[in-house]
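# Structure assessment
Residue strings, one per chain:
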Amino acid sequence: MNSKLSQLEKNIKRSLWRHSHEQISKFHDPSFILKAIRISCIAITIFFCIGALVGIASLYGLNTTAKDVNRILICLHICLAWFSFIVVLALIFDFKKYFIKSGWLRIAVNILVLVCLIAFLSPDSKNHILDYLQSEDFLTFTLISYSIIFLSAKCLELADRKKTNPSLLLASSFLFVILIGSFLFMLPKSTTVPISYTDAFFIATSAVCVTGLSPLDISTMFTPFGWLILSILIQVGGLGLIAFTSVFSIFYSGSASIYNQLLIRDAIYSKSMDAVLPTVLYMLGFTLVIESLGAFAIYMSVPPELFASPHDRLIFSIFHSMSAFCNAGFSTIKDGLSNQALILGSQSFYLEISFLMFLGSIGFPILINYKDKLVGKIKGTIWKDKRFESKVRVDLNTRLVLITSLVLVALGTIFFFIFEYNGTLKGMDFSTKVIQSLFNAILPRTTGFASVNPAEFAVPTVLMVCLLMWVGGSSQSMAGGVKVNTLAVILLSLKATITGHKEPSAFNRTISASAVNRAYSVAVISTLLVFFFTFVLLFLEPQMSFKDIIFEVMSALFTVGSSMGITAELSSASKYTLCMAMFLGRVGLLSILMGFLGAQKEIDSTYPTENVIIN
């Protein structure tokens, strides 16, 4: 027995010695040392990236003295020095990986950092180019570019390593941007007077979820710096943080992992892996072109006397083009789009806003589908070969979205014109009434603008607006609601049930059972959420009318942004409740539930089939 114990003791000592020897030898392994140095450099770079962004926010957002500005600039130059050190190390030790085989975005930001450092070390001169390169603006642009792109790439690398559920990652990204935006709104230079964190969080949520509800007057309470923050939140919220970070990551590293491609595909609902990157680029390209053309059209149509200078007119045009296309509905002008100078001015402004809202609500798949069709037609005409055109067809999703959307716009325009002819439209000439009816028919499905006061709507108009808010825009668009795709599928399924067909179909195509199940699930969940949030707000605000509460809830939940004027009167608890409604409306409760509870693959039912009486 003693001999066995002694032998066991020897074995334990031997294994401990071997393990300790392996650990000690590992520390002397050059590859281990290089890996440890690399991880340490990445960690320090992340720290400096966050520090640079915080410093820039402090520089532009805080009421700082000259001494404070100098201290912040010293900290920012330290960040620049570290970034330059990392770039130089990469240049010396791994030039091929970081400057040849890398993505063009990494090369660009590396060069940008080196140029900024060289300009800082250069003596002052009267050269205008060098003066700009030595300015605070160029320093902040360099640090923001490097920091955001580096952090985006590392975040996606971490998500790739952890294999995070795409739905949960998408929801988390929206929440992260909301929190960042709420703190930026608390900076002294963001608002003309200090605001509460509840209001800052509410507006940040409304911007990221492209809703448009606000307890404050954006035109008077926010400064140009606050408008800039608001516009960034709207743009990021409209396109999605995943789309931006994915593009940064892919062009930073030069390639994308399988997980990252799956993540982007789920975020943008791409049909195939091959179409992931082109789809993201088309989304960004369409957004830039449409918003630019929209800004130009708005600039030419708004009354010049409404603005103090052409610069203010340009800011107004850019902001409202973006706000309309992203279906956000925020306005930087007193009284919003109900401003009398706009109402009495050229009605072409409202037609332009309507067109931008409509484009933002039909979704990128439809725009891309028609772009492909147009390109095929042009190629067929140039090469005199109709095969180019026949390769691309207008798919079922595009047809259903366009037909349903146009029918809703037409019916909404007609009924609004009839219901409000002697109401909110009273006193307008006939053509203005038609244009305002069109504007207010598109608006409830997408955007929180208001040219007339919703509190003065007739009861039938309120009911129609609530129905349009419930429907919303199309899938993968800037708009909310259950989506016109869902409505079309439900109506076709109803038609199939009534006519005795086993499966719903349209345009010689059968709609998949999974699409039908998902459509009914979205409709049921959205209806339950309306009841839930209405009940909560009625409990929290017993003094308010049922009509005002349910209108506010549907506007928040379906990310519309219209209001009967009660948003500013809500308690803090009610505002946070509406924030939750806006968040779920933008991200989708069904997606979150599938992220938490959904299976990784489809599970075939193995139980016997039995009928349930439905009558």
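Up top is the structure these notes are about.
Anyway, here's the lowdown on the structure attached to this text. (Residues numbered from 1 in each chain as written. Predicted model: local features only at pLDDT ≥ 70, side-chain atom pairs only at ≥ 80, totals over all residues. Heavy atoms only, no water.)

### A word on the overall build of the chain
The helix and strand inventory of the chain stands at 27 helices and two strands. At a minimum sequence separation of 6, the contacts of the chain that also span at least 24 residues come to 70%. For the chain, the exposed area adds up to about 32,000 Å²; of that, 68% sits on carbon and sulfur atoms. (Helix = DSSP H or I, 4+ residues; strand = E, 2+ residues; numbered from the N terminus. Contact = heavy atoms within 4.5 Å. Areas by Shrake-Rupley, 256 points an atom, 1.4 Å probe, with all protein chains shown as cover.)

### Comments concerning a nonpolar patch on the surface
A contiguous nonpolar patch, built from I403, V407, L411, I414, F415, I418, F419 and F507 and spanning about 690 Å² of accessible area, is present on the exposed surface. With respect to the helices and strands, the residue V407 is situated in helix α20 (residues 396–419). With a relative accessible area of 42%, V407 lands in the partly exposed category. (Patch = residues over 30% accessible without salt bridge, like charges linked within 9 Å, V, L, I, M, F, W, Y side chains within 5 Å. Salt bridge = Lys/Arg side-chain N within 4 Å of Asp/Glu carboxyl O. Buried < 20%, exposed > 50% of the residue type's maximum accessible area, 1.4 Å probe, protein only.)

### Remarks on helix α24 (residues 513–540)
Spanning 28 residues, α24 covers 41 Å between terminal C-alpha atoms, matching the ideal 40 Å at 1.5 Å per step. Every buried residue belonging to α24 is among V516, A519, A523, I525, S526, L529, V530, F533, T534 and L537, and all of these are buried. (Expected span 1.5 Å × (residues − 1).)

### Considerations on the packing of helix α15 (residues 310–325) against helix α17 (residues 348–362)
The N-to-C vectors of α15 and α17 enclose an angle of 40 degrees; their axes lie 7 Å apart at closest approach. Taken together, the axes of α15 and α17 are oblique relative to one another. Contact with α15, carried on its side by F316, H320, S321, A324 and F325, involves F349, I353, L356, M357, L359 and G360 of α17 and no other residues of that element. (Axes fitted to C-alpha atoms, helices over the stretch in contact; angles between N-to-C directions. Parallel < 35°, antiparallel > 145°, perpendicular 65-115°, else oblique.)

### Thoughts on helix α21 (residues 430–442)
For α21, which comprises 13 residues, the first-to-last C-alpha distance of 19 Å matches the rise-based estimate of 18 Å (1.5 Å per residue) to within 8%. Every buried residue of α21 is accounted for by T432, K433, I435, Q436, S437, F439, N440, A441 and I442. On the buried face of α21, the contacting elements are α16 (340–343), α17, α20 and α22 (459–471).

### Observations regarding the pattern of salt bridges
Enumeration over the complete set of coordinates arrives at three salt bridges. Note that R71 and D68 form a salt bridge whose closest N and O atoms lie 3.5 Å from each other. You can see R71 and its partner D68 sitting in helix α3 (residues 66–93), three residues apart, about one turn around the helix. We classify D68 as partly exposed; its relative accessible area is 28%. Across the salt bridge formed by K334 and D217, the nearest N and O atoms sit 3.2 Å from each other. In this pair, K334 sits in the loop between α15 and α16 while D217 sits in the loop between α9 (197–208) and α10 (218–221), placing the two residues 117 residues apart along the sequence.

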